[in-house]
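If you want the building blocks of each chain, they are given just below.
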Amino acid sequence: MPLATLGAVILAVGPGLAQDVVWQRAAAAVQRARAAPAEAAPLLREALRDLEQRDAERQREFSDAASRTLPAKAAARLERARAAYGAGQGRLLELLRRAAEPQAAVPSSPAAIGEAGRLLDRIERAARREPISADELPVAAPTLVPPSLGVASGAATTVPIGAIPQTLKDAADALPNVVEAYEWVRNAVAPEFYYGVMKGPVQAYLEQAGNDADTASVLVEMLRAKGVPARYVRGIVEMRASAITPLVGTASVEQAVRVLERAGIPHEVVLGAGGVASVKLERIWVEAYLPYANYRGAILDAQGKVWLPLDAAYKPLAAPSGVDIAESFGFDAEAAWADYLAAEQSATPLEFLRARLELVLEATPSVSYEGLLNRRAFGTEVHGILPNTLPYRVVSVTERTYDLPATLVHAVRLTAEREGATLLDTTVEVREVLGRRLTLSYEPASDDDAAVVASYGSPALT
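What counts as what
Residues numbered from 1 in each chain as written. Predicted model: local features only at pLDDT ≥ 70, side-chain atom pairs only at ≥ 80, totals over all residues. Heavy atoms only, no water. Patch = residues over 30% accessible without salt bridge, like charges linked within 9 Å, V, L, I, M, F, W, Y side chains within 5 Å. Areas by Shrake-Rupley, 256 points an atom, 1.4 Å probe, with all protein chains shown as cover. Salt bridge = Lys/Arg side-chain N within 4 Å of Asp/Glu carboxyl O. Helix = DSSP H or I, 4+ residues; strand = E, 2+ residues; numbered from the N terminus. Expected span 1.5 Å × (residues − 1). Polar contact = N/O pair within 3.5 Å; in protein donor to acceptor, adjacent residues only side chain to side chain. Buried < 20%, exposed > 50% of the residue type's maximum accessible area, 1.4 Å probe, protein only. Pairing = 2+ DSSP bridges. Phe/Tyr/Trp six-rings, centres within 6.5 Å; stacked < 30°, edge-to-face > 60°. Contact = heavy atoms within 4.5 Å. pLDDT = per-residue confidence, 0-100. Core = buried A, V, L, I, M, F, W, Y, C linked by side-chain atoms within 4.5 Å. Axes fitted to C-alpha atoms, helices over the stretch in contact; angles between N-to-C directions. Parallel < 35°, antiparallel > 145°, perpendicular 65-115°, else oblique. Nonpolar A, V, L, I, M, F, W, Y, C, P; charged D, E, K, R; others polar.

*Asks:* Please clarify how a nonpolar patch on the surface should be interpreted in this entry.
*Replies:* A surface patch of nonpolar side chains, amounting to about 240 Å² of accessible area, comprises Val412, Leu414 and Leu438. Looking at where Leu438 falls in the secondary structure, it is placed in the loop between α16 (430-433) and α17 (447-455).

Here you go:
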């Protein structure tokens, strides 16, 4: 964990104790000491050894950070973090040393064990992530429970697939073949992380950004525009820790899991000897009915057709390269946001924060605003053929469908009430209104109503 964040976490030791093998062992040892003291001494000593190794690493990090020249606010946060660490993990080590004396066959201090247990509970609670804002409800990602299989695999099936949007027909017509259509979606549509269908194929194409479901929609429509049968596959896949990190674009697998949590993407962490070994998550990809024998889509004839799996949304991102402005420059984003809200503004929040930050950077001419930003860059792939396998292991297939289920489509409900009476209550899919201007209009019922509307500065609508 970066030391800059320790002050906010207080007693926490990582992104989640449930994913930390060292802390799992410590909690299990203390629990055994409470229930069966005669069996606990070896477990306590093993847990103590691991915690002391962890403590040595933390102390080196603290010393290294303290040796640097830090802004005043960063230095103060470091001291608070160090004090909090001593009150939490430092105290826990003292208690376990007392309870696990080498000469004792059983834990020698029931009081120390009791306090250690209570302290572990406090550390576990402190390690839980708080919502970004006080008004935000915690996000609980859905569990991985596959429903019954939809369309069975096999030969192409004649099904109504609806009209192909003209925008995507034109885009497909501009590309000479199926391979280039796939490569365009793979290399042009930037990855985003949210669950379900938010934008739909047209908006994802126009923004050139989307998650797995919306990116799959772009590819499906372009393939169909090329005369290729295409369908959606929804399933549970497993990615190694080394693969999930670049896919999400984070510095650690724990941060990648946090992104999945915040996005509400169903997932499950698979622990190994050294921590997180892999992550199972729900994903949507595409199957296209293509001649496989002849260069996987560079079609020479119609022989050897198969349902070929394609995931154009899978594109590893470059490692994070931004700068922590709070730690490096003492920039207080919360104070800047409070100033923005305190007065009428003509600038957007981003423009305001950028201007405020550029004032801070005037003292460091060698650093520019652009140089502080993280880049979500991903590499392009042009192979001239379609890939013949998915870049991850498929655990199970939930469903194969020719349209994404309505349960995955985000919707927004608009309501208006007056004196207990409902004036407006309508629900629309987000993909139908995203990128468009919504107007709530009012038609006066009488000339008097029109005069009232006009008196508030708006002309009457007729």
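*Asks:* When you look at helix α9 (residues 212-225) in this model, what are you seeing that I'm missing?
*Replies:* It helps to recall that an α-helix has 3.6 residues per turn; residues three or four apart then point in one direction. Compared with the 20 Å implied by 1.5 Å per residue over 14 residues, the 20 Å span of α9 between its first and last C-alpha is a close match. Regarding α9, its N-cap is Asn211, as a side-chain oxygen of that residue lies 3.3 Å from the backbone nitrogen of Ala213 further along. Phi turns positive, to about 85 degrees, at Gly227, one or two residues after α9.

*Asks:* Just checking my understanding: could you explain the pairing of strand β5 (residues 275-291) for this structure?
*Replies:* Regular strands place their side chains on alternate faces of the sheet. The buried fraction of β5 is high, at 15 of 17 residues. As paired elements, strand β3 (residues 230-240) and β5 share 11 bridges and run antiparallel to each other. For Met239, the partnering residue across the bridge sits in β5 and is Val279. Here strand β4 (residues 267-272) runs beside β5; their pairing, made up of 6 bridges, is antiparallel. Paired with Leu271 across the strands is Val276, a residue of β5. Between β4 and β5, which pair antiparallel and follow one another directly, the connecting turn spans 2 residues. Bridge count between β5 and strand β6 (residues 305-310): 6 bridges; the pairing is antiparallel. Paired with Glu287 across the two strands is Pro309, which belongs to β6.

*Asks:* Explain the pairing of β3 here, please?
*Replies:* Burial runs high along β3: 10 of the 11 residues are buried. Of the pairings in the sheet, the one linking β3 to strand β7 (residues 393-401) comprises 7 bridges and is antiparallel in character. Residue pairing in the sheet places Arg234 in a bridge with Glu399 of β7.

*Asks:* What is the right way to look at the packing of aromatic side chains in this model?
*Replies:* The final tally for this structure, using the stated rule, is 7 aromatic pairs. Ring geometry for Tyr289 and Trp307: centres 5.0 Å apart, planes at 45 degrees, overall tilted. With Tyr289 in strand β5 and Trp307 in strand β6, the pair connects residues that are 18 residues apart, well separated along the chain. Accessibility expressed as a relative area gives 13% for Trp307, which makes it buried. Relative to Tyr340, the ring of Trp337 lies with its centre 5.4 Å away and its plane at 10 degrees, an arrangement referred to as stacked.

*Asks:* Which parts of the structure should I look at to understand helix α11 (residues 253-263)?
*Replies:* Along α11, the residues classified as buried are Val253, Ala256, Val257, Arg258, Leu260 and Ala263. On its buried face, α11 sits against α10 (241-248), β4 and β5. At the C-terminal side of α11, Gly264 shows a positive phi close to 70 degrees.

*Asks:* Explain the confidence of the model for the protein here, please?
*Replies:* If pLDDT is low for a region, its predicted coordinates should not be looked at in detail. On average, residues of the protein carry a pLDDT of 79, and 81% of them reach 70 or more. Of all helices and strands in the protein, the one with the weakest mean pLDDT is helix α1 (residues 6-9) (32), whereas α9 scores best (96). Here residues 1-19 is modelled with pLDDT under 50, and outside its nearest four sequence neighbours on either side it reaches 52 contacts, counting other chains as well. With pLDDT under 50 throughout, residues 146-159 is counted as low confidence; its partners more than four residues away or in other chains account for 29 contacts.

*Asks:* Can you help me understand the nonpolar core in this one?
*Replies:* One recurring pattern in soluble globular proteins is that nonpolar side chains are buried together. Counting residues in hydrophobic clusters, the biggest one holds 34 residues, and the most contacted among them are Leu219, Met222, Leu223 and Leu386. The element that contributes the greatest number of residues to this core is α9, accounting for 7 residues. Residue contacts for Met222: discarding those within four places in its chain leaves Leu168, Ala171, Ala172, Leu175, Trp184 and Val185. Among the nonpolar cores identified, the runner-up in size contains 23 residues, and Ala33, Leu51, Leu92 and Ala99 belong to it.

*Asks:* Please explain the environment of Ala190 as it appears in this structure.
*Replies:* Considering the arrangement of structural elements, one finds Ala190 in strand β1 (residues 190-191). By relative accessible area, Ala190 is classed as partly exposed at 25%. For the pair Ala190 and Tyr314, spaced 124 residues apart in sequence, the C-alpha separation works out to 9.8 Å. The residues touching Ala190, leaving out its near neighbours within four places in the chain, are Gln208, Ala209, Gly210 and Phe378.

*Asks:* What exactly am I supposed to notice about the packing of helix α8 (residues 200-207) against α9 here?
*Replies:* When two helices pack together, their arrangement is given by the angle between their axes and by how far apart the axes lie. Two elements in contact, α8 and α9, have axes whose closest approach is 8 Å; the angle formed by their N-to-C orientations is 100 degrees. Taken as axis vectors, α8 and α9 run roughly perpendicular relative to one another. Of α9, the residues touching α8 (which contributes Gly200, Pro201, Ala204 and Tyr205) are Asp214, Ser217, Val218 and Glu221. Across the contact of α8 with α9, the residue classes tally to 4 nonpolar, 2 polar and 2 charged.

*Asks:* Help me understand the pattern of salt bridges in this model?
*Replies:* Oppositely charged side chains can pair when the atoms bearing their charge come close. Tallying each qualifying case throughout the model produces 19 salt bridges. Arg356 is paired through a salt bridge with Asp339; the nearest N and O atoms lie 3.0 Å apart. Separated by 17 residues along the polypeptide, Arg356 in helix α14 (residues 349-361) and Asp339 in helix α13 (residues 333-342) bring together distant segments of the chain. For Arg356, a relative accessible area of 26% corresponds to the partly exposed category. Residue Asp339 is classed as partly exposed on the basis of its relative accessible area of 37%. Residues Arg431 and Glu429 are paired through a salt bridge, measuring 2.7 Å at the closest nitrogen-oxygen approach. A cluster of three or more residues bridged by salt bridges with shared partners is formed by Arg91, Glu94 and Glu115.

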